[in-house]
Amino acid sequence: MNILITGAKGFVGRNLVEALKNIRDGKDKSRNIDFDINIFEYDIDTESELLDKYTKECDFVFHLAGVNRPKEEKEFIEGNFGFTSELLSLLKKHESKAPILVTSSIQAALDNPYGKSKKAGEDLIFEYGRENGVKTLVYRFPNVFGKWCRPNYNSAVATFCYNISHDLPITVNDRNHMMTLVYIDDVVDELIAALSGRENRGDTYCSVPVEHKITLGEIADLLYSFRESRETKQIPDMTENSFSKKLYSTYLSYLEPDNFAYKLKMNCDERGSFTEILRSGGAGQFSVNISKPGITKGQHWHNTKNEKFVVVKGHGLIQLRKIGSEEVINYEVNGEEITVVDMIPGYTHNIINLSETEELVTFMWCNECFNPDKPDTFFEKV
């Protein structure tokens, strides 16, 4: 299938192109596509003659090109209506029956220059489809967010992500302003589904089935918490399809390369060190423990708290004993054979570095974040 994508270098276009390339090159086998893909990328800097060739040979059209922030108001009509008219004229000249999908905006329902230009483009698409017996799909997107969206252009989320990640101020005029947003990966999923004839269609318009509603103030608060997470180690809700998971990924995409890495506070003593990596409200706490040769750590038990120990370097012994019992359970572990050992509630436990020369490095997960007011940790030797 020859697929023409106008606006291929734009925010949505770039994400769609890369997704289709992954399918074409066999890197993404998760999507249900049963045909070969050839991509025609067209953008404002593409040789104009290529559009004639592409419209002649294409089997499907993603019309994503448009104008959002022109220098002059007349550019709205030129970009959102004029180019659409040119595209359709070429398709009609070649008697193309390729389905055409156009991305519009919820602004098309409003009485402003941008909305009027998008509505004019929609009407043109619908008329073309009726007159030529061509399948047309019109998507009225709400606010779209995700990686590669241009800040300080037409997306508050992109601008907030960029500014906060660069320690710049943001302006929130109305914290209670409710926003409807769709995430770029959900948009791309829907566009690729439409390519296979599985679009999410209403009476007139198509839509992305997964939407998020959240206030501007809540978005700002989340983004500030992401920036502070390097100190607090608290990561947001990462459950499937959660808004915070998608926003966090978006925020990270605006970091500068020299800001990808950050140091953690190592709690060191004569026995070695203990370093907390991150905290999650729903998934507990992750840490790394380093024990010097011959050192024993632990010697305590918990009522409800449970942990998983994974030795990744060195040679160690993990011991557990049920409270009230004398039987000691031994697990000899090493970094050559990765093994998870559960620390069971009601069992006192320790970890011993058996090496005389090498440090013992252990990755540790705990089902709850440490609370000094309720540590649920009681000293007792194994």
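Note that the structure is predicted; figures quoted are calculated from it, not measured.

Novice: Outline the environment of Ile-106, supporting the account with residue identities and numerical values.
Specialist: Counting through the fold element by element, Ile-106 comes out in the loop between strand S4 (100-105) and helix H4 (113-132). Residue classification places Ile-106 among the partly exposed residues on the basis of a relative accessible area of 44%. Distance in space between the C-alpha atoms of Ile-106 and Tyr-153 is 17 Å, their sequence separation being 47 residues.

Novice: Tell me about the sheet that holds strand S6 (residues 143-145), and name the residues and values.
Specialist: If you walk across this open sheet you meet the three strands as S6-S7-S8, and the pairing is mixed. Here the strands that pair on one side only, and so sit at the sheet edges, are S6 and strand S8 (212-215). When strand polarity is set aside, the average angle formed by the axes of neighbouring strands in this sheet is 45 degrees. Sheet analysis places S6 next to strand S7 (residues 178-183), joined by three bridges and oriented parallel. Note on S7: the bridge partner recorded for Val-144 is Val-182.

Novice: Just give me the short version of the pattern of salt bridges, but keep the residues and values in it.
Specialist: In total, this model carries 21 salt bridges according to the counting rule given. A salt bridge links Arg-279 to Glu-276; the nearest nitrogen and oxygen atoms lie 2.3 Å apart. For the residue pair Arg-279 and Glu-276, the accessibility class agrees, reading buried in each case. By sharing partners, the salt bridges in this structure join Glu-18, Lys-21 and Glu-41 into a single network.

Novice: Describe in detail the state of the cysteines, supporting the description with residues and values.
Specialist: Taken as a whole and assessed by the stated rule, the structure comprises zero disulfides. Of all cysteine sulfurs in the structure, the one in Cys-58 sits closest to Cys-206, which takes part in no disulfide; the separation is 18 Å. A relative accessible area of 2% means that Cys-206 is categorised as buried.

Novice: If you had to explain the packing of helix H7 (residues 216-232) against helix H8 (residues 243-252) to someone new, which residues and values would you point to?
Specialist: H8 packs onto H7 with a crossing angle of 60 degrees between their chain directions and a minimal axis gap of 10 Å. When the axes of H7 and H8 are compared, the pair comes out oblique. The crossing of H7 and H8 is right-handed. Between H7 and H8, the contacting residues are Ile-219, Leu-222, Leu-223, Phe-226, Arg-227 and Ser-229 on the first element and Phe-243, Ser-244, Leu-247, Tyr-248 and Tyr-251 on the second. Taken together, the residues that form the contact of H7 with H8 break down as eight nonpolar, two polar and one charged.

Novice: Account for the packing of aromatic side chains, naming residues and giving values.
Specialist: Considering all chains together, one arrives at 11 aromatic pairs under this definition. For the ring pair Phe-40 and Tyr-54, a centre distance of 4.5 Å and an interplane angle of 10 degrees mean the geometry is stacked. Of the two residues, Phe-40 is situated in strand S2 (residues 38-42) and Tyr-54 in helix H2 (residues 49-57); the sequence distance between them amounts to 14 residues. Overall, Tyr-54 belongs to the buried group, its relative accessible area being 11%. A connected cluster of aromatic rings, assembled from ring pairs, spans Phe-145, Tyr-183 and Phe-243. The side chain of Lys-147 reaches across the aromatic face of Trp-148, ending 4.8 Å from its centre. Across the ring face of Tyr-153, the terminal group of Arg-150 is positioned such that the distance to the ring centre comes to 4.1 Å.

Novice: Quick one: what's the story with the layout of surface pockets, residue by residue and with numbers?
Specialist: Computed from the structure, the second largest pocket encloses a volume of approximately 560 Å³. What lines the second largest pocket is a set of 26 residues, and nearest its centre among them are Phe-274, Asn-289, His-300, Glu-307 and Met-364. At the level of secondary structure, the elements contributing two or more residues to the lining of the second largest pocket comprise strand S10 (267-269), strand S11 (272-280), strand S12 (284-291), strand S13 (296-301), strand S14 (307-313), strand S18 (347-353) and strand S19 (360-366). In terms of residue count, S11 provides more of the lining of the second largest pocket than any other element does, four residues in total. For the lining of the second largest pocket, a count of residues per class yields eight nonpolar, 12 polar and six charged.

Novice: Any chance you could break down the pairing of strand S16 (residues 328-334) for me, citing the residues and the numbers?
Specialist: Where strand S15 (residues 315-322) meets S16, seven bridges bridge the pair, whose relative direction is antiparallel. Paired with Gly-316 across the strands is Val-333, a residue of S16. Counted between consecutive antiparallel strands, the loop separating S15 from S16 contains five residues, among which Gly-324 sits at a positive phi close to 95 degrees.

Novice: Any details on the side chain of Thr-362? Residues and values, ideally.
Specialist: Inspection of the secondary structure assignment puts Thr-362 in strand S19. Thr-362 sits in the buried class, given a relative accessible area of 0%. Excluding its chain neighbours within four sequence positions, the residues that come into contact with Thr-362 are Ser-287, Val-288, Asn-289, Phe-309, Val-310, Val-311 and Ile-351.

Conventions we followed
Residues numbered from 1 in each chain as written. Predicted model: local features only at pLDDT ≥ 70, side-chain atom pairs only at ≥ 80, totals over all residues. Heavy atoms only, no water. Helix = DSSP H or I, 4+ residues; strand = E, 2+ residues; numbered from the N terminus. Buried < 20%, exposed > 50% of the residue type's maximum accessible area, 1.4 Å probe, protein only. Pairing = 2+ DSSP bridges. Axes fitted to C-alpha atoms, helices over the stretch in contact; angles between N-to-C directions. Salt bridge = Lys/Arg side-chain N within 4 Å of Asp/Glu carboxyl O. Disulfide = S-S within 2.5 Å. Parallel < 35°, antiparallel > 145°, perpendicular 65-115°, else oblique. Left-handed = near helix turned anticlockwise from the far one by under 90°. Contact = heavy atoms within 4.5 Å. Nonpolar A, V, L, I, M, F, W, Y, C, P; charged D, E, K, R; others polar. Phe/Tyr/Trp six-rings, centres within 6.5 Å; stacked < 30°, edge-to-face > 60°. Lys NZ or Arg CZ within 6 Å of the ring centre and 35° of its normal. 1 Å grid on protein atoms, 1.4 Å probe; cavity = no way out; pocket = protein on both sides within 12 Å on 5 of 7 lines; lining within 4 Å. Points joined across faces, edges and corners; volume = space filled by probe spheres on them.

Nothing here speaks to function; it is all geometry.
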